[in-house]
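Chain and residue survey
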Amino acid sequence: MQRNEVQQLATIVKNQRVLQTDGYLYLQSAECLHLYAVKSGSFRSFILNADGLEQTIGFYLPGEIMGLDALQSGRYSCSTIALETGSVCEVPLSRLNELCSEIPGLQIQMMRILGKEIASDHDKIVLLGHRTAKERVATFLLMLSRRYGALGFSGTTFNLSMRRQDIANFLGLTIETVSRQLAELSKQGIIIVKQRGVEIIDLPLLTTIVEPCVTHRHTIA
């Protein structure tokens, strides 16, 4: 987008909203009035089924957009909570629609963002297909690495702000299996795990674990 287009968009973005750990940003089935851009922290989206069980469907990092799932029906299809103290910028949906017709660059950017969401859904299908636990955990780490790198952060040293049970729920594994696979990758000298921090020591070797089971996309959400 051109500088003047960015300035025009900035005029409709409300002041940032701060959320504490486990604070809800929006609830499943609630009316969508805003899209949200992550300014700091990280967030988890999940769906609550009829039995009251949660299914984690994605994680969001700084610079990423949340709430796009509501564009079809006008209501959020999932709930989203803060994984840590974080903040978001609220973008009023009504004004965004108006500006998309006025600012060609914004409309193109929104199309790109929606394209990334579709690619992310494809990645999750591949990730949760007929893959071993090791492949799932390795793929999760590699995709996080690529996402952090694409956002301008380190792609080899980052925090796993999500709890182990959240990762396990997302990957369709048990907490014990996730912990065991992280320990095995650490034992092989591929990663170093320090509490919630992860450092990828051997990125090529991590990639060889993943290579047969995932394409080289840059997002997972």
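Residues numbered from 1 in each chain as written. Predicted model: local features only at pLDDT ≥ 70, side-chain atom pairs only at ≥ 80, totals over all residues. Heavy atoms only, no water.

The next thing to look at is the overall build of the chain. Along its length, the chain carries seven helices and 11 strands. Looking at the chain residue by residue over its 221 residues, the buried ones come to 47%. The long-range share in the chain, meaning contacts at least 24 apart out of those at least 6 apart in sequence, stands at 72%. As displayed, the chain offers around 11200 Å² of accessible surface, 54% of which is attributable to carbon and sulfur atoms. (Helix = DSSP H or I, 4+ residues; strand = E, 2+ residues; numbered from the N terminus. Buried < 20%, exposed > 50% of the residue type's maximum accessible area, 1.4 Å probe, protein only. Contact = heavy atoms within 4.5 Å. Areas by Shrake-Rupley, 256 points an atom, 1.4 Å probe, with all protein chains shown as cover.)

By the element assignment, Arg 136 lies in helix H4 (residues 133-150). Despite being buried, Arg 136 has no salt bridge partner; Glu 135 is the closest side chain of opposite charge, sitting 7.2 Å away. Of note is the side chain of Arg 136, whose polar atom sits 2.6 Å from the backbone oxygen of Leu 171. (Lys, Arg positive; Asp, Glu negative; His and termini not counted. Salt bridge = Lys/Arg side-chain N within 4 Å of Asp/Glu carboxyl O. Polar contact = N/O pair within 3.5 Å; in protein donor to acceptor, adjacent residues only side chain to side chain.)

On inspection of all chains with the given rule, the structure shows six salt bridges. When the shortest N-O distance is used, the salt bridge between Asp 22 and Arg 163 registers 3.3 Å. Here Arg 163 lies in the loop between strand S9 (157-159) and helix H5 (164-171) and Asp 22 lies in the loop between strand S1 (17-19) and strand S2 (24-26), a separation of 141 residues in the sequence. According to the relative accessible area criterion, Asp 22 is partly exposed, its value standing at 38%. Overall, Arg 163 belongs to the partly exposed group, its relative accessible area being 25%. A salt bridge links Arg 44 to Asp 166, with the shortest nitrogen-to-oxygen separation between them at 3.5 Å. With Arg 44 in strand S4 (residues 43-48) and Asp 166 in helix H5, this residue pair connects regions lying 122 residues apart in the sequence. With respect to class, Arg 44 is no different from Asp 166; both count as buried. Overlapping salt bridges, with partners in common, bring together Asp 22, Arg 44, Glu 54, Arg 163 and Asp 166 in one network.

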